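# Structural description and commentary
Here's the letter readout for the chains.
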Amino acid sequence: MTATEYGQDSSAGEAELTEMTWDPITRIVGSLGIYTKIDFKAKRVAECHSTSSIFRGYSIFMKG
């Protein structure tokens, strides 16, 4: 499911941040999710992180 929420983030000043969520990303692994806050007007990503609810070991070799 992809969710989008429009609004302003007071911590970013005049930025118009759009929150976008892709969870789950099933083509990679069923438990992967990506969460972002994007300022399309300024063409910048303010925040982005991924989550996984299970451990499969691939994250060990992705360190660094």
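Structure's up top.
Residues numbered from 1 in each chain as written. Predicted model: local features only at pLDDT ≥ 70, side-chain atom pairs only at ≥ 80, totals over all residues. Heavy atoms only, no water.

This part is about the environment of Met20. Tracing the backbone shows Met20 in strand E2 (residues 16–22). As a C-alpha pair, Met20 and Thr36 span 16 residues in sequence and 5.2 Å in three-dimensional space. (Helix = DSSP H or I, 4+ residues; strand = E, 2+ residues; numbered from the N terminus.)

This next bit is on unusual backbone geometry. With an omega of 5 degrees, the peptide bond running from Asp23 to Pro24 counts as cis. Of note in the backbone geometry, Lys43 takes a positive phi value of approximately 55 degrees without being a glycine. Within the fold, Lys43 resides in the loop between strand E3 (32–39) and strand E4 (44–52).

Turning our attention to the environment of Phe40. Within the secondary structure layout, Phe40 lies in the loop between E3 and E4. Phe40 sits 23 residues away from Leu17 along the chain, and the two C-alpha atoms are 7.4 Å apart. Beyond its immediate sequence surroundings of up to four residues, Phe40 is in contact with Glu16, Thr18 and Met20. (Contact = heavy atoms within 4.5 Å.)

This part is about the pattern of salt bridges. Under the definition given, this model contains 2 salt bridges. Two residues, Lys37 and Glu47, come together in a salt bridge whose shortest N-O distance is 3.9 Å. With a gap of 10 residues between them, Lys37 in strand E3 and Glu47 in strand E4 connect regions that are remote in the sequence. On the accessibility criterion, Glu47 (37% relative accessible area) is partly exposed. (Salt bridge = Lys/Arg side-chain N within 4 Å of Asp/Glu carboxyl O. Buried < 20%, exposed > 50% of the residue type's maximum accessible area, 1.4 Å probe, protein only.)

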